[in-house]
Amino acid sequence: MFIEHSIATSKLQILVLDPSTPQSTDFFPSRTWFRPAEVRKIKRAMRYIESRTCVTFEGAERYRSRRRGTLRMCFIKVGTLVHELLHSLGLRHEHQRRDRRHYIKIRSQNIQETHQKNFILRQNRPAITAGLPYDYGSIMHYGRYGFSRVKGTATIVPLKHRAKIGQRERMSPGDVAKINRLYDCTGFYTGDDLPGAVPYRAWRKGIRRLKCREVPHHRAPY
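The shown structure was predicted, so the numbers you read here are calculated from the model rather than taken from an experiment.

Criteria and thresholds
Residues numbered from 1 in each chain as written. Predicted model: local features only at pLDDT ≥ 70, side-chain atom pairs only at ≥ 80, totals over all residues. Heavy atoms only, no water. Helix = DSSP H or I, 4+ residues; strand = E, 2+ residues; numbered from the N terminus. Contact = heavy atoms within 4.5 Å. Areas by Shrake-Rupley, 256 points an atom, 1.4 Å probe, with all protein chains shown as cover. Salt bridge = Lys/Arg side-chain N within 4 Å of Asp/Glu carboxyl O. Buried < 20%, exposed > 50% of the residue type's maximum accessible area, 1.4 Å probe, protein only. Core = buried A, V, L, I, M, F, W, Y, C linked by side-chain atoms within 4.5 Å. Phe/Tyr/Trp six-rings, centres within 6.5 Å; stacked < 30°, edge-to-face > 60°. Axes fitted to C-alpha atoms, helices over the stretch in contact; angles between N-to-C directions. Parallel < 35°, antiparallel > 145°, perpendicular 65-115°, else oblique. Left-handed = near helix turned anticlockwise from the far one by under 90°. Nonpolar A, V, L, I, M, F, W, Y, C, P; charged D, E, K, R; others polar.

Moving on, we get to the overall build of the chain. Along the backbone of the chain there are six helices and seven strands. Shown N-terminal to C-terminal, the secondary structure of the chain runs as helices and strands in the order β-β-β-α-β-α-α-β-α-β-α-α-β. Look at the contacts in the chain between residues 6 or more apart in sequence, and 72% of them connect residues 24 or more apart. Of the roughly 12,100 Å² of accessible surface on the chain, 53% is carried by carbon and sulfur atoms.

Moving on to the environment of Ser172. Along the polypeptide, Ser172 turns up in the loop between β6 (156–158) and α5 (173–182). When the C-alpha positions of Ser172 and Asp135 are compared, they lie 8.2 Å apart, and in sequence the two are 37 residues distant. Beyond its immediate chain neighbours, meaning those up to four positions away, Ser172 contacts Asp135, Gly137 and Ser138.

Our focus in this paragraph is the pattern of salt bridges. Under the definition given, this model contains seven salt bridges. The closest approach of N and O atoms between Lys77 and Glu169, which form a salt bridge, is 2.8 Å. One end of the pair, Lys77, is in the loop between α2 (68–72) and α3 (78–88); the other, Glu169, is in the loop between β6 and α5, with 92 residues separating them in the sequence. The exposure class assigned to Lys77 is partly exposed, which follows from its relative accessible area of 37%.

An α-helical segment advances 3.6 residues per turn. Residues three or four places apart therefore align on the same side. In terms of burial, α3 is largely enclosed, as 11 of its 11 residues are buried. Every buried residue belonging to α3 is among Val78, Gly79, Thr80, Leu81, Val82, His83, Glu84, Leu85, Leu86, His87 and Ser88, and all of these are buried. Among the residues trailing α3, Gly90 stands out with phi positive, at a value near 115 degrees.

In this section: the nonpolar core. Counting 31 residues, the largest nonpolar core has Ile49, Val82, Leu86, Leu89, Met171 and Ile179 as its most contacted members. Secondary-structure elements contributing two or more residues to this core are α1 (36–50), α3, α5 and α6 (200–207). Apart from the residues within four sequence positions on either side, Ile179 is in contact with Thr53, Val55, Leu86, Leu89, Leu91, Met171 and Cys185. Of all hydrophobic cores here, the second largest spans 10 residues; its members include Ile106, Ile111, Phe119 and Tyr142.

Within this structure, the stated rule accounts for six aromatic pairs. Ring plane angle 75 degrees and centroid distance 6.4 Å describe the contact between Tyr103 and Tyr136, whose orientation is recorded as edge-to-face. Placement of the pair is Tyr103 in the loop between α3 and β5 (104–106) and Tyr136 in the loop between α4 (126–129) and β6, with a sequence separation of 33 residues. Residue classification places Tyr103 among the partly exposed residues on the basis of a relative accessible area of 28%. Overall, the relative accessible area of 13% leaves Tyr136 in the buried class.

A positive phi angle, near 65 degrees, is found at Arg162, a position not held by glycine. Looking at the secondary structure, you find Arg162 in the loop between β6 and α5. Look at Asp184: it is not a glycine, yet its phi comes out positive at around 50 degrees. Inspection of the secondary structure puts Asp184 in the loop between α5 and α6. Owing to a relative accessible area of 31%, Asp184 belongs among the partly exposed residues under this scheme.

It is the contact of α5 with α6, at a shortest axis distance of 11 Å, that shows an interaxial angle of 45 degrees. Taken as axis vectors, α5 and α6 run oblique relative to one another. As α5 runs across α6, the sense of the crossing is right-handed. Listed contacts from α6 to Asn180, Arg181 and Leu182 of α5 are Tyr200, Trp203 and Arg204. Its residues placed into classes, the contact of α5 with α6 shows three nonpolar, one polar and two charged.

With that settled, the discussion passes to the packing of α1 against α3. With their axes 9 Å apart at the nearest point, α1 and α3 run at an angle of 65 degrees to one another. Taken as a pair, α1 and α3 cross one another with a handedness that is right-handed. Contacts from Lys41, Ile42, Arg44, Ala45, Met46, Tyr48 and Ile49 in α1 reach Val78, Leu81, Val82, Leu85 and Leu86 in α3.

In structure tokens, the structure reads:
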């Protein structure tokens, strides 16, 4: 699924390419193959994000995807759709932060070959940390057994005793703060009260010094 967004206006559009014609550039309404219940879940996920941030979604009746079968798995939980929509807004996986070595251990030998890329370290861009502390409870964090080669074999081991990772129930305070920081959502929660967080005003001042190439991508393939 390719989801496009505008940082300047905090508007987002989802487009889906007809899976039966991979080379096609024709777009079509989601109702041609998304089930009504799935469309309702997508909208619930969007409204959920809107209720906690200044982001609003538009153009949500047009979609694009080459992975019809795989995409179906995203509809098991509304929280999984929230996870994917947050990717489209610029957020990356929490376990791909460059400071992860202080919080988790990655068991690369246990990860399925085709999903190794989902565990590699990302460059230290604003969308990765947003000046916020590592968040075990992030909806963007994989679970202990995510994409394991063998069922029951861990791919991520938290270094904090009894830390729970991989929830898909709700955005954590850190997730909410990260979106609001990235989109300069004045008047919304920005996480200044989180232990170890860089104050929002100080973080934003530093971000303004960065070149355009350092801001979240305008196009995220998912």
